[in-house]
Amino acid sequence: MHIGEVLSRKPRSDVVTIRPDAVVGELVALLAEHNVGALVVSVDGTSVDGIVSERDVVRRLHADAAVAEVPVAAIMTSEVTTCSPASALDELMRTMTDRRVRHVPVVEDGRLVGIVSIGDLVKHKIGELQFERDQLDSYVHQT
């Protein structure tokens, strides 16, 4: 199972991005508007310059209550874990667990093509397991 299959089954494939010079107040509004937990930071909507999550906002709020006017670049993670559509689902799940990240941009030929969350991967994995269970159950009941 590859990440490309997970992306193809997501309801929408467009990735919400934010420019690094946007302020955190704009970031929070986009997170709420799109009901997502993280945004890819991109100067052009296709490159991955960073990633910023709700967790980044909360941690910065703890240190600085005036964070709403701070540029996104000041709180984003600039060393981003990415994958390709050909990445193996199980391998990416291990990487996300080991690195304690919940959102991974999907990049192909240097261009952002999607984003997957740990929830997307778990949902897909559960679907696979249910299919296998149903197949085994059908086989057992045929004999």
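Everything below is about the structure shown above.
On a predicted model such as this, the values are computed, not experimentally measured, just so you know. (Residues numbered from 1 in each chain as written. Predicted model: local features only at pLDDT ≥ 70, side-chain atom pairs only at ≥ 80, totals over all residues. Heavy atoms only, no water.)

J.: Looking at this model, I keep getting lost on the overall build of the chain. Mind explaining?
T.: Scanning the chain from terminus to terminus reveals five helices and five strands. Traced from its N-terminal end to its C-terminal end, the chain shows the element sequence α-β-α-β-β-α-α-β-β-α. Here the C-alpha coordinates of the chain stretch approximately 70 × 35 × 30 Å along the principal axes. In the chain, which comprises 143 residues, the proportion classed as buried is 36%. Charge-centre separation for the chain: the mean point of 15 positive side chains lies 4 Å from the mean point of 22 negative side chains. (Helix = DSSP H or I, 4+ residues; strand = E, 2+ residues; numbered from the N terminus. Buried < 20%, exposed > 50% of the residue type's maximum accessible area, 1.4 Å probe, protein only. Lys, Arg positive; Asp, Glu negative; His and termini not counted. Charge placed at Lys NZ, Arg CZ, Asp CG, Glu CD.)

J.: Explain the layout of surface pockets to me, please; I cannot follow it from the model alone.
T.: In this approach, a probe sized like a water molecule rolls over the atoms, and the result shows the empty space that is left. Quantified by volume, the second largest pocket comes out at close to 270 Å³. Taken together, 15 residues form the lining of the second largest pocket, with Ile51, Ser53, Thr77, Arg100 and Val101 sitting closest to its centre. (1 Å grid on protein atoms, 1.4 Å probe; cavity = no way out; pocket = protein on both sides within 12 Å on 5 of 7 lines; lining within 4 Å. Points joined across faces, edges and corners; volume = space filled by probe spheres on them.)

J.: Help me out: how do you make sense of the packing of helix H4 (residues 89-99) against helix H5 (residues 118-142) in this one?
T.: For any two helices packed against each other, one specifies the crossing angle of their axes together with the interaxial distance. For the pair H4 and H5, interaxial distance at closest approach is 11 Å and the crossing angle is 140°. Considering the angle they form, H4 stands oblique to H5. In this structure, the crossing between H4 and H5 has a hand that is left-handed. Taken together, the residues of H5 that come into contact with H4 (itself represented by Leu89, Asp90, Leu92, Met93 and Met96) are Ile118, Leu121, Val122, His124 and Lys125. By residue class, the composition of the contact of H4 with H5 is seven nonpolar, one polar and two charged. (Axes fitted to C-alpha atoms, helices over the stretch in contact; angles between N-to-C directions. Parallel < 35°, antiparallel > 145°, perpendicular 65-115°, else oblique. Left-handed = near helix turned anticlockwise from the far one by under 90°. Contact = heavy atoms within 4.5 Å. Nonpolar A, V, L, I, M, F, W, Y, C, P; charged D, E, K, R; others polar.)

J.: In this structure, what is going on with the nonpolar core? I would like to understand it.
T.: For soluble globular proteins, nonpolar side chains are generally found buried alongside one another. Counting residues in hydrophobic clusters, the biggest one holds 15 residues, and the most contacted among them are Ile18, Val24, Leu27, Leu39, Val52, Val72 and Ile75. Of all the secondary structure elements, the ones that give two or more residues to this core are helix H2 (24-34) and strand E2 (38-41). At three residues, H2 tops the list of elements feeding residues into this core. Setting aside residues no more than four positions away along its own chain, Val52 makes contact with Ile18, Leu27, Gly37, Ala38, Leu39, Val41, Val72, Ile75 and Met76. Residues Ile3, Cys83, Met93 and Val104 belong to the second largest nonpolar core, which totals twelve residues. (Core = buried A, V, L, I, M, F, W, Y, C linked by side-chain atoms within 4.5 Å.)

J.: Before we go on, may I ask you to explain the environment of Thr46 in this structure?
T.: Looking at where Thr46 falls in the secondary structure, it is placed in the loop between E2 and strand E3 (50-53). Once the C-alpha coordinates of Thr46 and Leu136 are considered, the two residues, 90 residues apart in sequence, prove to be 43 Å apart. Setting aside chain neighbours within four positions, we find Thr46 in contact with Gly110, Arg111 and Leu112.

J.: Looking at this structure, how should I read the pairing of E3?
T.: Each regular strand shows side chains that alternate between the opposite faces of the sheet. Alternating positions in E3 separate into two faces, Gly50 and Val52 on one and Ile51 and Ser53 on the other, with burial throughout. Of the pairings in the sheet, the one linking E2 to E3 comprises four bridges and is antiparallel in character. Bridge assignment links Val41 to a residue of E3, and that residue is Gly50. (Pairing = 2+ DSSP bridges.)

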